[in-house]
Amino acid sequence: MATIQTVRGPVETSRLGTTLMHEHIFILSTEIVQNYPEVWGDEEQRVADAVARMNELHSRGIDTVVDLTVIGLGRYIPRIQRVAALTGINIIAAPGIYTYNDIPHHFSYRGPGTVLGGPELMVDMFVRDIERGIGDTGVRAAMLKCATDAPGVTPGVERVLRATAQAHRQTGVPISTHTHARTKRGLEQQKIFREEGVDLTRVVIGHSGDTTDVDYLEELIANGSYLGMDRFGIDAFLPFEDRVNTVAAMCERGHADKMVLSHDAHCFMDWLPEKPATLAHWNYLHIHNDVIPALRKRGVTQEQIHTMMVENPRAIFEKQGGY
């Protein structure tokens, strides 16, 4: 039986159950929080709130959350361990670097194409997170994360994409991405991954649900990847009806087996005011409360919903081993 690493340790993939494939617990600007602690507030209160939200989510039938918080988003695994210890939900951690443009200065002078040259440090870091554990926590990551946004494949972004691909090839851990769907950045990601020898069936092209361009979505699927329809609740980027109609249309085209659903939500994020009025539905319960009923009204079957939320996540994590 295949197993997957979670924050609490290995779990059989058959026990992943209903899974949200692209979420966060905390998104933080680490240096801001360290130097202006009032931004973060009370540690105990924040952790207790996250535990309550995870437990509520678990009570509604969610078994697993993939927390794609990596370097650049304030990843701090000891805090996530505290949350995981007090909830029944499986939390899956991720290695990676989140940038739309430049890479952290730690990598600016070392690695391919830099003044000092040498091997790609990012690959070794990502592989260590997967094989040995993150820091001294012993928590092993299980899904690689990278990003391309409106600026496109900048030199820094390209380094991260290629390092992600190489770490994937070494470990077999699947890749999940952030994209800017309106500019079709997912195709650029697929091109680079293919150049690095990546099996695109082991990649989730994230934020694909931010567009209604079904021809673009069909092309991503034809290349082999899964679609992350994973920003339900961010109506400022695409209205609720358009998101639901696009998923329903792709199901009608026979692609339920190539989509996963999620929110890209969080318990706390210091980028935005807490509970912004324009994002009233952006929370972990939106899919259960609103999206699934709306999909059912549009003819999406319970079997297709089960495929997107249970079978596809399990299949993604059951393809294992480097190559």
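This text gives an overview of the structure that appears in the document. Since this is a predicted model, take the numbers as computed values, not measurements.

### Notes on the packing of helix α2 (residues 43-59) against helix α3 (residues 77-85)
- Where α2 meets α3, the axes come as close as 9 Å, and the angle between the chain directions of the two elements is 50 degrees. By the angle between their directions, the pair α2 and α3 is classed as oblique. Two packed elements cross with a definite hand, and for α2 against α3 that hand is right-handed. Facing Glu43, Glu44, Val47, Ala50, Val51 and Met54 of α2, the residues of α3 in contact are Arg79, Arg82 and Val83.
- Of the residues belonging to the contact of α2 with α3, the class tally is five nonpolar, no polar and four charged.

### Structural notes on the environment of aspartate 42
- As for its placement among the helices and strands, aspartate 42 is situated in the loop between α1 (30-35) and α2.
- Take aspartate 42: its relative accessible area is 44%, and that puts it in the partly exposed class.
- Side-chain polar atoms of aspartate 42 contact the backbone nitrogen of glutamate 44, separated by 3.2 Å.
- At 2.7 Å, the side chain of aspartate 42 and the backbone nitrogen of glutamine 45 are in polar contact.

### With respect to the sheet that holds strand β8 (residues 175-178)
- The strand order β7-β8-β9-β10-β11 describes an open sheet built from five strands, whose pairing is parallel. At either end of the open sheet lies a strand with only one pairing partner, and these are β7 (144-147) and β11 (259-261). In this sheet, neighbouring strand axes are inclined to one another by 25 degrees on average, regardless of whether the strands run parallel or antiparallel.
- As judged from the two bridges shared by β8 and strand β9 (residues 203-205), these two strands associate in the parallel manner. Within the sheet, the bridge partner assigned to isoleucine 175 lies in β9 and is valine 203.
- Running at roughly 160 degrees to β7, helix α5 (residues 155-171) makes contact with β7 and β8 of the sheet.

### Points about the pattern of salt bridges
- Tallying each qualifying case throughout the model produces 20 salt bridges.
- In this structure, glutamate 158 engages arginine 162 in a salt bridge whose closest nitrogen and oxygen atoms are separated by 2.9 Å. Taken together, the residues glutamate 158 and arginine 162, both in helix α5 and four residues apart, mark about one turn of the helix.
- Classification of glutamate 158 as partly exposed rests on a relative accessible area of 28%.
- Note that aspartate 210 and arginine 243 form a salt bridge whose closest N and O atoms lie 2.8 Å from each other. You can see aspartate 210 sitting in the loop between β9 and α7 (214-222) and its partner arginine 243 sitting in helix α8 (residues 240-252), a full 33 residues away along the chain.
- Overall, aspartate 210 belongs to the buried group, its relative accessible area being 8%.

Reading the values: rules and limits
Residues numbered from 1 in each chain as written. Predicted model: local features only at pLDDT ≥ 70, side-chain atom pairs only at ≥ 80, totals over all residues. Heavy atoms only, no water. Axes fitted to C-alpha atoms, helices over the stretch in contact; angles between N-to-C directions. Helix = DSSP H or I, 4+ residues; strand = E, 2+ residues; numbered from the N terminus. Parallel < 35°, antiparallel > 145°, perpendicular 65-115°, else oblique. Left-handed = near helix turned anticlockwise from the far one by under 90°. Contact = heavy atoms within 4.5 Å. Nonpolar A, V, L, I, M, F, W, Y, C, P; charged D, E, K, R; others polar. Buried < 20%, exposed > 50% of the residue type's maximum accessible area, 1.4 Å probe, protein only. Polar contact = N/O pair within 3.5 Å; in protein donor to acceptor, adjacent residues only side chain to side chain. Pairing = 2+ DSSP bridges. Salt bridge = Lys/Arg side-chain N within 4 Å of Asp/Glu carboxyl O.

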